[in-house]
Amino acid sequence: MLNRTMSRREFLSSSATMGVSFAALGMFLPSCAVTGERKGAQGSSAISMAINESPWLRAFEEITRVYREETGNMVNLQVFTFEGLQSKELNAVDARTGEFDLFTMFEGWYGSFYDSEFLTPLQEIDPDFEWPQEIITFNNVGRWDQNERYFSEDGTPFALPINGNMQLLFYRQDLYDEMGLEPPTTWDEAITAARTVGDTHSDVYGYTLRGQGGGSAVTFDFLPLLRGFGGDFFANPPEDWSVTINNDAGQQAIELFMELLSYGPSEPENIGQAEVISLMQSGRALQAHLVSAAALQMDEEAESTVPFEINYTVVPRPSDGVHAPTAGPALMGIPTHIDDAQKQVAYDFLTWFMQQDAQTQYTRAGGSPVNRNVYESDLAEGTEFRYMQAATESLPHLHLAVAYPFAPELLEVTEQRLNEIAAGLLEPKEGLDTIASEIATVVEEAGFSS
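Residues numbered from 1 in each chain as written. Predicted model: local features only at pLDDT ≥ 70, side-chain atom pairs only at ≥ 80, totals over all residues. Heavy atoms only, no water.

### Observations regarding the packing of helix 9 (residues 248-262) against helix 16 (residues 428-445)
Inference 1: Taken N-terminus to C-terminus, the directions of helix 9 and helix 16 make an angle of 125 degrees; their axes are 10 Å apart at the nearest point. Judged by the inter-axis angle, helix 9 sits oblique to helix 16. Considering how the two elements wind past one another, helix 9 and helix 16 form a crossing that is right-handed. Across from Gly250, Gln251, Ile254 and Met258 in helix 9, the residues of helix 16 making contact are Pro428, Lys429 and Leu432.
Inference 2: For the contact of helix 9 with helix 16, the class distribution of residues is four nonpolar, two polar and one charged. (Axes fitted to C-alpha atoms, helices over the stretch in contact; angles between N-to-C directions. Helix = DSSP H or I, 4+ residues; strand = E, 2+ residues; numbered from the N terminus. Parallel < 35°, antiparallel > 145°, perpendicular 65-115°, else oblique. Left-handed = near helix turned anticlockwise from the far one by under 90°. Contact = heavy atoms within 4.5 Å. Nonpolar A, V, L, I, M, F, W, Y, C, P; charged D, E, K, R; others polar.)

Structure follows, in structure tokens:
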């Protein structure tokens, strides 16, 4: 492994070559979005945040309003499409502008930003900073070991999670009750329900998941199958980067993937997250694994024909495997190149936002909390937030999707090839072998060795 970091120019040049249009991990892409809109007014202690248009933006707008009321500090949200967000942040780093005091990041580029030293270690701003015990670590996604070029419990804290998205199994409680079935804990049980529902509800798909490529869409949905069987991309990073996705566990996972797709719409290669959500809201799907941020949409009577009929549980596991839901949290970090005064006000906001009161208000406004105490509070007992019990049960099993310095290049491989497998253009075994070969090239070119 090469213990070096890319220069800003090198990283920006490689980003331009590969493009910055990969989609949000587990997030939603709107049909249209505000580009560079400013919220609030400028002031000497104003905080400027780069953030993406998303369903949880409204919750973030609400929590920044609360922060202004409590502290008197203005918060300016500069809102971009997901694709535009990363580009704007990279441009700010390259030009060393003070345009943003806080960067929002997603899993496709956490590692790249840490590895390239774009962010200020939080302990440089506050030497006494320690990771708050009540804040979910999401597999140490905010802490980075610069020597190993990987996440580590003992790594340097660079960022804090701001939206705790994770996969849950969404299922029609009314139809499960009608069939006399308990919520599934294994894939075999979910498949039994998928087969059974067709006997009485021929217009209801037994299972739906994404087969459409783009960003980390189909990869994100495939990973809980792969990891449930004990598989993964690599043998044991950061010690061993040998590619293992095409081993026996991978073969079992891809067979399960194809079976689940068979219970959904024809041409699954064209099914994305918006389509899966729509099928659940319209009552045309029995079950699907989706991100927790979609839960509140299920009860919106203007959009859903089955409000309060959807329930939630942990993403199933193989009968002889483990639960392995994928997490896709959004993080915020403080740029290295801004002045110390702005670093401090940005840090003050982040640490305030981690507190339980702020997290509770954020959750009520539609955000996904990152504070464990919120999941264990009275709020989780309410019908509106019933997804939180499943989220709490999922926490010990969470895995990050593709959190590597070379994540964008890896995703270009997996999104294309898994989509081709879903479309029937590649045989599953051939597809996995192709993915493994192409990922090995990505790893080598990124300066890692097996």
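### Description of the confidence of the model for the protein
Detailed reading of the predicted coordinates is not advisable wherever pLDDT falls low.
Inference 1: Mean pLDDT over the protein stands at 88; residues scoring 70 or higher make up 90%.
Inference 2: Counting contacts from residues 1-44, a segment whose pLDDT is below 50, to residues more than four positions away or on other chains yields 111 contacts. (pLDDT = per-residue confidence, 0-100.)

### What about unusual backbone geometry?
Inference 1: A cis geometry characterises the amide bond from Pro237 onward to Pro238, with omega recorded as 5 degrees.
Inference 2: Residue placement: Pro238 occurs in the loop between strand 9 (234-236) and strand 10 (240-243).
Inference 3: Residues other than glycine seldom take positive phi values, yet Glu117 does so here, at roughly 60 degrees.
Inference 4: Topologically, Glu117 is positioned in the loop between helix 4 (110-115) and helix 5 (122-125).
Inference 5: Here Glu117 falls in the partly exposed class, since its relative accessible area comes to 41%.
Inference 6: With a phi angle near 50 degrees, Phe138 is a residue other than glycine that sits in the positive phi range.
Inference 7: If you trace the backbone, Phe138 turns up in the loop between helix 5 and strand 4 (143-145). (Buried < 20%, exposed > 50% of the residue type's maximum accessible area, 1.4 Å probe, protein only.)

### Quick notes on helix 3 (residues 82-95)
Inference 1: Between its first and last C-alpha atoms helix 3 spans 20 Å; for 14 residues at 1.5 Å apiece the expected length is 20 Å, and the two agree.
Inference 2: Where helix 3 begins, one side-chain oxygen reaches toward the backbone nitrogen of Gly84, 3.0 Å away; that side chain belongs to Thr81.
Inference 3: The first or second residue beyond helix 3 is Arg96, which carries a positive phi of 55 degrees. (Expected span 1.5 Å × (residues − 1). Polar contact = N/O pair within 3.5 Å; in protein donor to acceptor, adjacent residues only side chain to side chain.)

### Here we look at the nonpolar core
Across soluble globular proteins, you tend to see nonpolar side chains buried next to one another.
Inference 1: With 93 residues, the main nonpolar core has Phe60, Tyr114, Phe170 and Phe353 as its most contacted residues.
Inference 2: Per element, the largest residue contribution to this core is seven residues, and it comes from helix 11 (residues 340-353).
Inference 3: Counting residues in hydrophobic clusters, the runner-up holds 46 residues, among them Leu169, Phe233, Phe234 and Tyr404. (Core = buried A, V, L, I, M, F, W, Y, C linked by side-chain atoms within 4.5 Å.)

### Focus on the pairing of strand 14 (residues 330-333)
Inference 1: Burial along strand 14 is two-sided: the residues Ala330 and Met332 and Leu331 and Gly333 are all buried.
Inference 2: As defined by bridge partners, strand 3 (residues 102-105) adjoins strand 14 across three bridges and the pair is classed as antiparallel. Its bridge partner lying in strand 14, Met105 is registered against Leu331.
Inference 3: Relative to strand 14, strand 7 (residues 159-163) runs antiparallel, the two sharing four bridges. (Pairing = 2+ DSSP bridges.)

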